[in-house]
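# Residue-level structural notes
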Amino acid sequence: MANLQQLAKDSAIYGLTSILGRSINYLLTPIHTYAIPAATGQYSIVTRLYAATAILMLMLSFGMETTMFRFLNKEGGDKQRTYSTIVTFIGLLTLAFIGIIVAFPNQTATIAGYPETPYYVVAIFATVALDAFQSIPLAYLRFQKRPIKFMMVYVGKIAFIVVLNFLYFIALPYLHINPFGLYDANFTIDVGFTFYINLLGSIASTIFLMKEICIARPLIDRSIFVRLFAYSWPLVLLNVAGQINKSADKLIYPYLDTTPDSAVNLSIYGSVVKIAAIMTMITQAFRYAYEPIVFAIAKDKESKEYQAQTMKYYLIFMLLAFLMVVGLMNIFRHIIAPDYWAGLYIVPITMATEITIGIYYNLSMWYKTTDKTYWGACFSITACFIYFAINIIFVPRFGYVACACAGLGAYIVAVLLSYFIGQKKNPIKYPLRDIGIYVAIAALFFVIMTWSNNHLSKWVAMGVNTVVLALFVAHIIHYDLPLSSLPVIGRYFKKS
């Protein structure tokens, strides 16, 4: 199908963007974890504040990314006035938020739980406000099918941030260079500088998006805004509840784990989940490419078949990535410092959560394309209650492993609710048999790889796991992705 080919092409472009960005961003984890020992517990500050900002950004962007795709693809709508209304609304919202936190820094820091470091909190909250505003022109680039500029802004911002982090946390202290009096006489590192650097990165990327921002006229069309708001407010609840299911455990963890090592445990948990970021890359690339296409073909006859096949191929590649990380864990673990390795056993759980999030995102399109977004809010809020219940009941006894299991359990519930209700409201015939076979094979191979990692020497285990991974790839090629179907090299297999 042409749309599947377009999805593959767009996913490759956005996937490359995500991989480049995440790969560069990966460098922040070793920079921070090697510069900030786990025993200090300081990394918990970074973990908690970034968790809070992930939720805050969704509130400030107000679900307008998805809303914009929906309304710009509607026939008969005024695209210019719609885009201008969205940019103006989000712009005013973020300006008001920045004004409040700058006017009341101590109160903001107290609410965030760090009253002793108000400038950290103001810096990171201002950053998230700018990022929320940027999400609209970045989404507009996706709508215009301009992935190259999207890549330049996205990757350029991350590279800029990583370079400055490397200079501050590693290079300058090592060389004993102290420009502008950044350090004291002992070259003590201030963890708050990571927040200041992020703010500089967001300011720079906003400047690079000025052309897309200035395309919008400063206006709010009342009739358009009413329709936008009616569609988007359930998305705010949906997105915030979904992000809570990923991030809130890091915010409430200090209140649930009352042991003396609570800050250390949170530091370990916050760093270990970064290894699962490869799954986030694939999900993000899929989302960037998938959403504009689905809204564009929502009324076509092939739309449901497209969504069904997309689910299958998404799962295939997510399971492949899952097995790759598990099989090569002896390599991936070096992303974080050795004193954080105690939490590596939860990585498969967090990766399974990312897979489930992607499934839920695919299933979510039925209520987004039918303008029934309130269903998504109901699903996510239900999952959120389950998430908090698991955390509150089990974290005091089992620690951060309960946090990881809570996220997975909550999203499984959301997936089941969305699937069964979606099949009644807007039925789609998913290839459940094929999907089930892949999940069963991946589960078997996961058990083999885990045993190999635990009972064989490092290099022997990697050899065994590579063979197992090759068998999974061979199954994919034989049944669902024959080499003759691939671009460029496919012509040689067709001839043979």
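Heads up: these notes are all about the structure in this document. All of these numbers come straight from a predicted model, not from anything done at the bench. (Residues numbered from 1 in each chain as written. Predicted model: local features only at pLDDT ≥ 70, side-chain atom pairs only at ≥ 80, totals over all residues. Heavy atoms only, no water.)

### Structural notes on the overall build of the protein chain
- Assigned secondary structure in the protein chain consists of 22 helices and zero strands.
- Taking all 496 residues of the protein chain together, the buried fraction comes to 54%. (Helix = DSSP H or I, 4+ residues; strand = E, 2+ residues; numbered from the N terminus. Buried < 20%, exposed > 50% of the residue type's maximum accessible area, 1.4 Å probe, protein only.)

### Here's the deal with the side chain of threonine 108
- Following the sequence through the fold, threonine 108 ends up in helix H6 (residues 105-112).
- If sequence neighbours within four positions are ignored, threonine 108 has contacts with Ile101, Val121 and Phe125. (Contact = heavy atoms within 4.5 Å.)

### Let's talk about the packing of helix H16 (residues 347-363) against helix H19 (residues 400-425)
- Interaxial distance between H16 and H19 falls to 9 Å at its minimum, and their mutual angle equals 20 degrees. Between H16 and H19, the angle is such that the two are roughly parallel. As for how H16 packs across H19, the hand of that crossing is left-handed. Touching Ile349, Thr350, Ala352, Thr353, Thr356, Ile357, Ile359, Tyr360 and Leu363 of H16 are Val401, Ala404, Cys405, Gly407, Leu408, Tyr411, Ile412, Ala414, Val415, Ser418 and Tyr419, all from H19. (Axes fitted to C-alpha atoms, helices over the stretch in contact; angles between N-to-C directions. Parallel < 35°, antiparallel > 145°, perpendicular 65-115°, else oblique. Left-handed = near helix turned anticlockwise from the far one by under 90°.)

### Details of the environment of isoleucine 101
- Along the polypeptide, isoleucine 101 turns up in helix H5 (residues 79-103).
- The buried category is assigned to isoleucine 101, whose relative accessible area is 3%.
- Leave out the neighbours within four places in its chain, and isoleucine 101 touches Thr108, Val122, Phe125 and Ala126.

### A short note on unusual backbone geometry
- In this model, histidine 176 sits at a positive phi of 55 degrees, which is unusual for a non-glycine residue.
- Following the sequence through the fold, histidine 176 ends up in the loop between helix H8 (147-175) and helix H9 (193-208).
- Taking the relative accessible area as the measure of exposure, histidine 176 reaches 58% and is therefore exposed.

### Some details on the side chain of asparagine 330
- Following the sequence through the fold, asparagine 330 ends up in helix H15 (residues 329-332).
- Residue classification places asparagine 330 among the buried residues on the basis of a relative accessible area of 9%.
- The contact partners of asparagine 330, leaving out residues within four places of it in the chain, are Asn453, Lys458, Ala461 and Met462.

### Some details on the pattern of salt bridges
- Scanning the entire structure with this criterion turns up six salt bridges.
- Residues aspartate 221 and arginine 81 are paired through a salt bridge, measuring 2.9 Å at the closest nitrogen-oxygen approach. Placement of aspartate 221 in the loop between helix H10 (210-215) and helix H11 (222-256) and of arginine 81 in helix H5 is noted, with a sequence separation of 140 residues between them.
- Under the relative-accessibility criterion, aspartate 221 is labelled buried at 14%.
- Between aspartate 434 and arginine 433 there is a salt bridge, and its shortest N-O distance comes to 3.8 Å. (Salt bridge = Lys/Arg side-chain N within 4 Å of Asp/Glu carboxyl O.)

### Structural notes on the packing of aromatic side chains
- Scanning the model with the defined rule gives 26 aromatic pairs in all.
- Here tyrosine 419 and tyrosine 430 contribute two aromatic rings whose centre-to-centre distance is 6.2 Å and whose plane-to-plane angle is 45 degrees, an arrangement assigned as tilted. Remark: tyrosine 430 occurs in the loop between H19 and helix H20 (432-455) and tyrosine 419 occurs in helix H19; sequence separation between them is 11 residues. With respect to burial, tyrosine 419 and tyrosine 430 carry one shared label: buried.
- For the ring pair phenylalanine 445 and phenylalanine 472, a centre distance of 6.4 Å and an interplane angle of 75 degrees mean the geometry is edge-to-face. Taken as a pair, phenylalanine 445 in helix H20 and phenylalanine 472 in helix H21 (residues 458-479) lie far apart in primary sequence, 27 residues in all. One exposure class covers both phenylalanine 445 and phenylalanine 472, and it is buried. (Phe/Tyr/Trp six-rings, centres within 6.5 Å; stacked < 30°, edge-to-face > 60°.)

### Topic: a nonpolar patch on the surface
- A cluster of nonpolar side chains, contributed by Phe160, Leu200, Ile203, Ile207 and Met210, occupies part of the molecular surface with about 450 Å² of accessible area.
- Mapped onto the elements of the fold, isoleucine 203 is located in helix H9. (Patch = residues over 30% accessible without salt bridge, like charges linked within 9 Å, V, L, I, M, F, W, Y side chains within 5 Å. Areas by Shrake-Rupley, 256 points an atom, 1.4 Å probe, with all protein chains shown as cover.)

Honestly, that's just the spatial picture; any functional story needs more than this.
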